Amino acid sequence: GFVISADPAPGTKVRRDATIKLLVSKGIETPALTSFVGKIGEEALTELNDAGFDVIVTYAFDEKIIPGGIISQNPAGGDIPKGAKIELIISKGSAFVTIPTKGIIGQTQAKATQILKDLGLDVKVKTLGANKAKKVINVSPKEGTKVKRGSTVTITVG
C-alpha cells in the first residue's frame with residue numbers, strides 16, 4: 001500500500017488536470033509453498049532455491065523414505081515470504097543393513113572388508129594361523145543378520 005515512486009517526481013510543479021503515475025507496493029512477494037514430503041530432495045532444492053527461498057538441509061535415517069527422499073519440511077506449506085528459511089530433512093535410508101547371505105565367507109579379507117564397509121559397517125579382522133590365502137571363514141554377527149549402520153562386524157580369516 002506504500003507509494004514506491006511517482007511520475008512526475010514529487011516536488012515537480014504540474015497543472016491541476018495533469019496525470020500522475022504512482023507505483024504502489026503490493027507488499028512482500030509470498031509465493032505459495034507446497035509440501036515436498038516424500039519427493040526427491042534434489043528436485044525440491046532446485047525448485048525452492050529458484051523460487052527464492054533460503055533452504056536448510058539436514059540428513060537423517062528413515063525406515064520408510066528412500067535415500068534422497070524428503071522426510072519432513074518446515075514450514076509445511078502456505079504463503080511464505082520470498083527469502084524465508086525452509087528446513088528440509090532428507091532421508092539417508094534405513095539405519096539398518098543386512099549382512100549379505102552370500103559373498104562374505106570364502107572372499108579375501110580385502111574384498112569382504114570392502115563389501116561390509118560399503119554397507120556402512122565397521123570391520124574387525126581376526127586372523128587364524130599363517131595361511132597366506134587369508135579367506136574369510138566366519139562372520140559375526142552371522143550372515144543374514146540385520147544390524148545398525150556403524151556396527152562392528154568381525155570377520156575371521158584363515
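Conventions and cut-offs
- Along each chain, residues carry numbers from 1 onward, in the same order as the chain's sequence is written.
- Only residues with pLDDT of 70 or above have their local features reported here, since the model is predicted, and side-chain atom pairs are shown and tallied only from 80 upward, although totals for entire chains, interfaces and linings are computed over all residues.
- Calculated side-chain values reflect all of the structure's heavy atoms, with hydrogen atoms and water omitted.
- Two distance rules govern patches: like charges are joined within 9 Å, and nonpolar side chains (Val, Leu, Ile, Met, Phe, Trp, Tyr) within 5 Å, applied only to residues with over 30% relative accessible area and no salt bridge.
- Here, Shrake-Rupley sampling with a 1.4 Å probe gives the accessible areas, and only protein chains in the shown set may cover a residue.
- Salt bridges are defined by distance alone: a side-chain nitrogen of Lys or Arg within 4 Å of a carboxyl oxygen of Asp or Glu.
- The helix count covers DSSP runs of H or I at least four residues long, the strand count covers runs of E at least two residues long, and both are numbered beginning at the N terminus.
- Only buried residues count toward a nonpolar core. Its members are Ala, Val, Leu, Ile, Met, Phe, Trp, Tyr and Cys residues joined through side-chain atoms within 4.5 Å.
- Buried means the residue's accessible area, taken with a 1.4 Å probe over protein chains only, is under 20% of the maximum for its type, while exposed means over 50%, and partly exposed covers the values in between.

In this section: a nonpolar patch on the surface. On the surface, V3, V14, I20, L22 and V24 cluster together into a nonpolar patch covering about 420 Å² of accessible area. Its place among the elements puts V24 in strand 2 (residues 21-24).

If you look at the biggest cluster of nonpolar residues, it comprises 13 residues, and the most contacted ones within it are L33, L48, F53, I86 and L88. Elements with a contribution of two residues or more to this core: helix 1 (41-50) and strand 7 (85-91). Residues I104, V139, V153 and I155 belong to the second largest nonpolar core, which totals twelve residues.

Here we take up the pattern of salt bridges. Within the structure shown, the criterion is met by two salt bridges. Notably, a salt bridge pairs D17 with R15, separated by 3.2 Å at the nearest N-O pair. Summarising the burial analysis for this pair, D17 and R15 share the class exposed. One salt bridge connects K85 with D54, and the closest N-O pair in it is separated by 3.7 Å. Of this pair, K85 sits in strand 7 while D54 is found in strand 4 (residues 54-60), placing the two residues 31 residues apart along the sequence.

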